[in-house]
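Single-letter residue listing:
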Amino acid sequence: MPRINIVGFAFIIIIFVLALSSGVFAQDDIPPANANDAAVATFLLTPEGESLHLTIEPASNVAAIIFEPGAQAQRRNGWTIIGTLHDFDGVTVTRKDGAPLQKVEFSLSSETEFYNRRYFAIDRIGSSGWLFYKPVFALKDGSVTVRITGFEAALIRDGARDVTGQSEFSITADDNTLLYIGPRDYLRSENPDFMSGPEVPDWLRVQMTADMSRATTVLTARLGGTGKYTPTLYVSQSMDTRFESPGWKGGALDGGVIALRLRRMELNPNDTGLVDGFTGLVTHETVHMWIGHRIKNAQNAEQSWAHEGTSEYISSRLRLNAEAFRKVAEDTLNRCMTELGPFALDGSLGPVQGRAAYDCGFVISLFAELGAAREGRDILDIWSAVMSSGNEEYQPQDFLDASTAYNPQGFPVLAARLLTAAEDARWDNIAPALDGLPIKIEIQATPADDDLSLNNWWLGRLMQANCDGAISIYNNDDHKDVAGQGLCTGRWDANFDLVGVNGRNMFETPRAVYDDVRNRCGAGLPLTFDLRDGTQLTDMPCGADIPAVPPFIRIIDLPLGPLRMTQP
C-alpha cells in the first residue's frame, strides 16, 4: 500500500461568544480562565524528531484554554511551554499578564514515568510510530475536531479500527482509547491484532498473541462475540534510562484496546515469572472485552469485585492447569480473608478497590463455580445467564442471582462471608459450609514462617488505612510495587518498590517482618520502609492495628475440569 503523507494535526473548536453591544470586549469582559466554554483555538500538531510541536492559536478575547483534567500530570510534566508569557498547570493555559491569549507553543515529549497503569498519553511504537491517548488533547467540555497532517503514516488506527486515509477525528474527554499513526508493518499479527515495533521480540509476540487467541476463542464460543471489535493489543518497549527502574503496566481501554508498556526490562523467554505475569495480564484484559466492555458493571466504583475479581478468576481458569489453579486459588483465598480486613465487599462500609477487590471477587467466583460444577456447569454458564438479558449493564446482584440458581442454600451463605459478614466470622465453620461441593480444605493454625502471603496481610491492611480503603499493590518476585500516588494521603501518597521494613527483608523473613510491624503499629510507632533502590521511606504511619496471624486455609483438592469450548 502506498505511504500516505500527512502534513499537520489540527483541532478546531468554535465557540460563539456574545460581545458587548459595541461589538468590542473591554478588558474586564474577557471570559475568565475558569469558564468551561473559554477555549476558542486552533491546535496544530506536527512531528519534530523525537518530540512533537504543538501550536495553539486562540481566537481574540479568550482568557484561557481549559483541558480535561484527567491527564493533568502527564501534560504538566511532558508539555514544555515555549517562551515566558504563559502559565500552564497541565489543565489551564493563561497569560501571566491577564491579557487575551494569542499564539501559544509547546514541545511535547513521550512519558518518562508511569502515571496511569492503562495508558501513556504520548508514546512511541518502534522508532517511527506514534501512539496517543485521545483525551490528552480534549477540552474539559464539548468535542474537538482533529485534523492530522505532517506524519508519515501507512497505517492509522482509532482504537481497534483501521481508519487509514481518515484525516479528521472528533475527540471528547470520554474517548477512552488510543490513536496510532505509523508503519503498517507494526501490525505484526491479526485477529486478534498485535501492534508493536521491532524492539518487542518475536517470542513475546507469539506468546501474547496465543494468550489472546486462546481466551478469545473460548469466550466467543461460550458467550458470543464482543459485538463491536476485534481485540487489539498495543505493546511498547523502551530502555529509556529516565525511567527510574525496570517495570511494566497494562490494562484495557474502550474499543477493544489493551495496552502494555515495558520499560527498561530485559525480556527473557526463560523468565517464567515474567512470562506468567504477561500471560495473566493479557488474558485478564481479554476477558474484560466481554465483562467490563461488552457488558459493564453498573456499580464499578462501589463493587469493582464484580468485574475485576471475576475477570481474574476466569483468566486463571483459562490459562492454568488443575494443580496451578489449586495453588492460585489457595493463595487468593487466604489473601482475600486478610486484605478485606474490617470492610464489607458490598461497599456498605465504603468502596473496596485494588487488590482486595480482585482477590475477594475471585473467591466469590470460586464459590459460585463450585455450586455450578455439581450440575456439570462452570463459571461461563453463570456469566452466560447474566448476559442473556441483552442489557449493556449488569448489577453485581445479577451475578449473585445467577450463581444462587445453582446452589440456592449454600452460595448466599458463602458469599455473605465476604459481602457483609464481620471480619471475625469469615473463618467460622467454613469447612462445613463447603460440604457437598467439589473442594476439600484443611484449616491450619498459622502459615509457615517463610510463607510470603504474610506480607500481603499486613501491607494490604495498612494501605487501606492510609488510602481511603483502596489497595493498589503489584506482586513481584523480590519486591512489592506499591502504587499509592494520587490514591493515598500523607507519606503513603507515593509510588515505591518495597523490599523490607525496619531493616528486615520481607521476602527472606516474612513472619519476622509481620510480627515487627504488628508490634510497632500496636505501640503507635511509625515504620521505615526499605526500598528496592537502596533508599528508605521513613516515618510511615500505620493507621491501623495488625491482628494476630489468622488461620490458614489449605485447599487439599479442587477437581474442577477445564472450561468447556461448547455449551452443554
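Relevant structure appears above.
Residues numbered from 1 in each chain as written. Predicted model: local features only at pLDDT ≥ 70, side-chain atom pairs only at ≥ 80, totals over all residues. Heavy atoms only, no water.

Visitor: Describe the layout of surface pockets, naming the residues involved and giving the relevant values.
Guide: By volume, the second largest pocket amounts to about 260 Å³. In this structure, the second largest pocket is lined by 16 residues; those nearest its centre are E50, S110, R124, S238 and D240. Among the secondary structure elements, those contributing two or more residues to the lining of the second largest pocket are strand 10 (122-125) and strand 20 (232-238). Residues belonging to the lining of the second largest pocket are distributed by class as follows: 1 nonpolar, 7 polar and 8 charged. (1 Å grid on protein atoms, 1.4 Å probe; cavity = no way out; pocket = protein on both sides within 12 Å on 5 of 7 lines; lining within 4 Å. Points joined across faces, edges and corners; volume = space filled by probe spheres on them. Helix = DSSP H or I, 4+ residues; strand = E, 2+ residues; numbered from the N terminus. Nonpolar A, V, L, I, M, F, W, Y, C, P; charged D, E, K, R; others polar.)

Visitor: Account for the nonpolar core, with residues named and values stated.
Guide: Within the largest apolar cluster, 112 residues are counted, with the highest numbers of intra-cluster contacts made by F399, W458 and F529. If you tally residues by element for this core, the top one is helix 6 (residues 354-373), at 10 residues. If you look at the next biggest cluster of nonpolar residues, it comprises 48 residues, including L54, Y119, I148 and L179. (Core = buried A, V, L, I, M, F, W, Y, C linked by side-chain atoms within 4.5 Å. Buried < 20%, exposed > 50% of the residue type's maximum accessible area, 1.4 Å probe, protein only.)

Visitor: Which residues make up the pattern of salt bridges, and what values go with them?
Guide: In the structure shown here, the tally under the stated rule is 31 salt bridges. For D481, the salt bridge identified is with K249, shortest N-O distance 3.3 Å. Taken as a pair, D481 in strand 27 (residues 480-483) and K249 in strand 21 (residues 247-252) lie far apart in primary sequence, 232 residues in all. Here D481 and K249 have matching classes, each one buried. Note that D381 is salt-bridged to R564, the shortest N-O span being 3.0 Å. Taken together, the residues span a long stretch of sequence, with D381 in helix 7 (residues 379-387) and R564 in the segment after strand 32 (552-557) at a distance of 183 residues. (Salt bridge = Lys/Arg side-chain N within 4 Å of Asp/Glu carboxyl O.)

Visitor: Tell me about the packing of aromatic side chains, and name the residues and values.
Guide: In this structure the tally under the stated criterion is 26 aromatic pairs. Centre to centre, the rings of W305 and F399 are 6.3 Å apart; their planes meet at 65°, and the pair counts as edge-to-face. Of this pair, W305 sits in the loop between strand 23 (296-297) and helix 4 (308-319) while F399 sits in helix 8 (residues 396-404); the two residues are 94 residues apart in sequence, bridging distant segments of the chain. For the pair W305 and F399, a shared accessibility class is recorded, and that class is buried. An aromatic cluster is defined as three or more aromatic residues linked by ring pairs; in this entry it consists of F43, F67, W79, F88, F106, W130, F132, F137 and F151. The aromatic ring of F114 is capped on one face by K249, whose charged end is 5.8 Å from the ring centroid. Taking the ring centre of F325 as reference, the NZ or CZ of R317 above it sits at 5.5 Å. (Phe/Tyr/Trp six-rings, centres within 6.5 Å; stacked < 30°, edge-to-face > 60°. Lys NZ or Arg CZ within 6 Å of the ring centre and 35° of its normal.)

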